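What follows is each chain in one-letter form.
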Amino acid sequence: MSIPVVIMRGGTSKGAYFLREDLPEDESERDTLLLSVMGSPDPRQIDGIGGGHPLTSKVAVVSASDDPEADVDYLFLQVQVDQPRVSAEQPCGNILAGVGPFAVERGLVAASGDVTPVRVRMVNTGALAVVSVPTPGGRVEYAGDTALSGVPGTAARIEVEFRDTAGSVAPGLLPTGRIVDDLDGVPATLIDNGMPVVLMTATSLGVTGEETPAELEADGRLRRRVEELRLLAGTLMGLGDVSATTVPKMCLISPPTDGGTLSTRMFIPHRVHASIGVLAAVTVGTAVAMPGSVAHTEAAGAVRLEHPTGFADVVIDPGTGRSAIVSTARLLMEGRVHPRRNTEGAIIHG
C-alpha cells in the first residue's frame, strides 16, 4: 500500500529517489505508479509529492550495478507536471548529484574515508559518472560552505565527474573533426562532451551577451538566425534534421561581468535557459580549455560559467581529460509514499 522513498535536493533540482526493487518491473505499471505518487497530471501536483514545476518533478531509480565499472545504476525519469507522461529520454546531472549520497545512505556503497567515490552508470545513456561524496566519520556530510546559484545557503561540496561522455549523441567530441566551423559566416565550435552544443560569440550575432533571457526571446530576428544556424549545425554534427529535436543547444558566449571565466546565454533550443544545464556546462567548460575554440580562455583547471541567474563551476583537466561539475545535495526526508487508489484498490493518477 506504500513505497519507501527518499526526497533529496540534487544540485538545483529536487526529486524522489527510489530503490529499483521497490518499484514495479513493468515500465507501464511503474510509470502509472510514479504519476500517481507525484500527483500528475495537475499543474499544482496537489495530490502528490511533486512540486508543480519540472525541476521538482523528477525521479531517480537506483540499484546495485552488474557493471564491473560501476557501483550503482541510475535511471532518471522526468515526470511531466501537467501531462500523464514519464520520460527517460535524457539523464539529469542535477539529480545525479544526489545519487551518491543516496547510495551511501541506503547501504549500496560503503563509506570509505573522508570522501567516498560512488561510480554511477547512467542507464539513460550508458555513460559513467563518479560522484565524490563527503563522508567524514563514515557518514554522509551535508553541511558545508559551497554555494550554488539558485540554492539558498551553502552545503558540502560534491564533485560529479563525467566519464566517456565525448560524443554522447553526436559522433565524437568534435563531430566535424574541426575545432572551429563556419556556419554561414559565423565562426562556431561544435562540440559534444555530454550534450551537443554549438558555441558562438554573442557579438557575431549582433547582441552583447548581457541581455536577459526575455530580451533575447523577444528578438525575433535573433531567434530566427539562431534556428537557421542550429539546423546547419545539426547536419554538420551528424545529427540529421534537428528541426523537431532539442539538440544541439545553442550557446552565445561573451566576456564575464562578475569575475567568472566567461558569460553564457543558452538556447535550449528555442527558449533561453535561466541558467545552464549540468551536461551543457561540462561541454562548454571543455571548449573553454580547448586551444583554438571560440570559447578558449586560459583557466587553471577551474572554469566559472556565468549565466543569467548566477554561475556554474566546472573542473577541467586537459591533461587527463577529466571533467567534473561542482554541486551539492541535501537529504530532505525519508519515509513511505502512498499512491492514489480507486475503490477497488488499483493505482490511478490524474
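Just so it is clear, the model here is predicted, and its values are computed rather than measured. (Residues numbered from 1 in each chain as written. Predicted model: local features only at pLDDT ≥ 70, side-chain atom pairs only at ≥ 80, totals over all residues. Heavy atoms only, no water.)

Peer 1: Sorry, what's going on with the pairing of strand 10 (residues 158-163) here?
Peer 2: Working note: regular strand, side chains alternate between the two faces of the sheet. Within strand 10, five of the six residues are buried, leaving the element largely enclosed by the surrounding structure. Of the strand pairs in this sheet, strand 7 (residues 128-134) and strand 10 are connected by five bridges, and their pairing is antiparallel. Within the sheet, the bridge partner assigned to V130 lies in strand 10 and is E161. With five bridges connecting them, strand 10 and strand 18 (residues 322-327) associate as antiparallel partners. The partner of F162 across the bridge, within strand 18, is S323. (Buried < 20%, exposed > 50% of the residue type's maximum accessible area, 1.4 Å probe, protein only. Helix = DSSP H or I, 4+ residues; strand = E, 2+ residues; numbered from the N terminus. Pairing = 2+ DSSP bridges.)

Peer 1: Help me understand the nonpolar core, please; the structure alone is not making it clear to me.
Peer 2: Within soluble globular proteins, side chains that are nonpolar generally end up buried alongside one another. Core analysis: the largest hydrophobic core is formed by 57 residues, its most contacted members being Y74, L96, F162, L199, V284 and L305. A per-element tally of this core places helix 5 (residues 278-288) first, with eight residues. When residues of this core are sorted by domain, at least three fall in each of domain 1 (3-164 + 329-337) and domain 2 (181-318). Excluding its chain neighbours within four sequence positions, the residues that come into contact with L96 are Y74, V120, M122, A129, V131, V160 and F162. (Core = buried A, V, L, I, M, F, W, Y, C linked by side-chain atoms within 4.5 Å. Domains from an automatic or database assignment. Contact = heavy atoms within 4.5 Å.)

Peer 1: I'm lost on the layout of surface pockets in this one. Help?
Peer 2: The method is simple in principle: a probe with the dimensions of a water molecule rolls over the atoms, and the space it marks as empty is what remains. A volume near 200 Å³ is recorded for the second largest pocket. A breakdown of the residues in the lining of the second largest pocket according to their chemical character gives seven nonpolar, five polar and four charged. Formed jointly, the lining of the second largest pocket draws a minimum of three residues from each of two domains, domain 1 (3-164 + 329-337) and domain 2 (181-318). (1 Å grid on protein atoms, 1.4 Å probe; cavity = no way out; pocket = protein on both sides within 12 Å on 5 of 7 lines; lining within 4 Å. Points joined across faces, edges and corners; volume = space filled by probe spheres on them. Nonpolar A, V, L, I, M, F, W, Y, C, P; charged D, E, K, R; others polar.)

Peer 1: Could you clarify how one ought to interpret the domain arrangement of the chain in this entry?
Peer 2: In many reports, interface size means the accessible area that the parts give up when they come together. We note that the domain assignment places domain 1 (3-164 + 329-337) and domain 2 (181-318) within the chain. Contacts between the two partners involve nine residues from domain 1 and, on the opposite side, nine residues from domain 2. A buried area of about 680 Å², summed over both sides, lies between domain 1 and domain 2, and 66% of it is on carbon and sulfur atoms. If you look at where domain 1 meets domain 2, you find zero salt bridges. At the surface where domain 1 touches domain 2, the tally comes to one residue pair in polar contact (both at pLDDT 80 or more). Those elements that provide at least two residues to the side of domain 1 that touches domain 2 are helix 2 (93-105) and strand 10. Residue classes in the side of domain 1 that touches domain 2 are distributed as three nonpolar, four polar and two charged. (Buried area = accessible area lost by both parts, 1.4 Å probe. Salt bridge = Lys/Arg side-chain N within 4 Å of Asp/Glu carboxyl O. Polar contact = N/O pair within 3.5 Å; in protein donor to acceptor, adjacent residues only side chain to side chain.)

Peer 1: Would you explain unusual backbone geometry in this entry?
Peer 2: Negative phi characterises most residues that are not glycine, and trans characterises most peptide bonds. Cis peptide bonds are those with omega within 30 degrees of zero, and the linkage from V247 to P248 qualifies with 0 degrees. Tracing the chain through its elements places P248 in the loop between helix 4 (220-236) and strand 14 (249-254). The omega torsion across I268 and P269 is -5 degrees, close enough to zero to call that bond cis. Within the fold, P269 resides in the loop between strand 15 (262-267) and helix 5. In this structure, D164 takes a positive phi of about 55 degrees despite not being glycine. Its place among the elements puts D164 in the loop between strand 10 and strand 11 (181-183). Although it is not a glycine, D184 sits at a positive phi angle of roughly 50 degrees.

Peer 1: It is not clear to me how the environment of L232 should be interpreted in this structure. Could you clarify?
Peer 2: Secondary-structure assignment places L232 in helix 4. The exposure class assigned to L232 is partly exposed, which follows from its relative accessible area of 40%. A C-alpha to C-alpha distance of 37 Å links L232 and V99, two positions 133 residues apart in sequence. Once residues lying within four places of it in the same chain are set aside, the contact partners of L232 are L183 and D184.

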